[in-house]
Amino acid sequence: VIEIINDAPTEPKALLMQRLFVVSLVAFWEAFHEELCREIIACHPNPPENAEHCIETFHNPMPKKITRLYQDVLGIQNITDSWWGDLLQKTGMTPKEFCATIQRMMDLRHDTAHGEWSLSLSPKDCQEFLGAVLHLAVRTDQAVHAHFQTSKEKRKKRDGGAESA
């Protein structure tokens, strides 16, 4: 944060605060995915051997990297398929639109963290990013827990009804 402030061009404090908000929001978004994966693998009877390594090396939570994390750690083919505005009705923002919003947030974070400051940012952008991250955190959590529950039920059937963690 100190580097961002020191590298900031002479910008109004409001713009600086908006950029710091985006950097902080991205840090939350990254930590959310790491902790959700850790929560699930802690309950999983046979997590992939490289699961913790995949989580530890997960940085810059762009949609493609998020997809790869959930594939490698939990076996979910494309977690972003659950990123609908209204999952049941498949209405509202589409997964593709949410991916574009997250990618734009990541581009702004990169622009800010590396002192480029070439991309524009408004309070409306900050609201959009916060809304998307909060919405997608819920959608992702629901999808992961549904996948884990389905996997647990399949193992139970396969193992002849024996309870497994």
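The structure presented is a predicted model; accordingly, all values stated were derived computationally and were not measured. (Residues numbered from 1 in each chain as written. Predicted model: local features only at pLDDT ≥ 70, side-chain atom pairs only at ≥ 80, totals over all residues. Heavy atoms only, no water.)

A.B. asks: Could you give an account of the packing of aromatic side chains, with specific residues and numbers?
C.D. replies: In the structure shown here, the tally under the stated rule is three aromatic pairs. Taking 6.1 Å as the distance between ring centres and 5 degrees as the angle between the ring planes, the aromatic pair formed by Trp 29 and Phe 32 counts as stacked. Here Trp 29 pairs with Phe 32, and both are found in helix α2 (residues 13-43), just three residues apart, close to one helical turn. Phe 32 matches Trp 29 in its accessibility class, with the two residues each being buried. Every member of this aromatic cluster is reached through a ring pair, and the members are Phe 28, Trp 29, Phe 32 and Trp 83. (Phe/Tyr/Trp six-rings, centres within 6.5 Å; stacked < 30°, edge-to-face > 60°. Helix = DSSP H or I, 4+ residues; strand = E, 2+ residues; numbered from the N terminus. Buried < 20%, exposed > 50% of the residue type's maximum accessible area, 1.4 Å probe, protein only.)

A.B. asks: Which residues make up the packing of α2 against helix α5 (residues 95-113), and what are the values?
C.D. replies: Contact pair α2 / α5: the axes reach a minimum separation of 9 Å and the direction vectors enclose 120 degrees. In this view, α2 runs oblique relative to α5, as classed from their interaxial angle. At the point where α2 passes α5, the crossing takes the left-handed sense. For the pair α2 and α5, contact is made by Arg 19, Val 22, Val 23, Leu 25, Val 26 and Trp 29 and by Ile 102, Met 105, Met 106, Leu 108, Arg 109, Asp 111 and Thr 112, respectively. Within the contact of α2 with α5, the residues separate by chemical class into nine nonpolar, one polar and three charged. (Axes fitted to C-alpha atoms, helices over the stretch in contact; angles between N-to-C directions. Parallel < 35°, antiparallel > 145°, perpendicular 65-115°, else oblique. Left-handed = near helix turned anticlockwise from the far one by under 90°. Contact = heavy atoms within 4.5 Å. Nonpolar A, V, L, I, M, F, W, Y, C, P; charged D, E, K, R; others polar.)

A.B. asks: Account for the side chain of Thr 80, naming residues and giving values.
C.D. replies: When you line up the elements, Thr 80 lands in the loop between α4 (63-74) and α5. When sequence neighbours within four positions are dropped, the list of residues in contact with Thr 80 reads Pro 63, Thr 67, Pro 95 and Cys 99.

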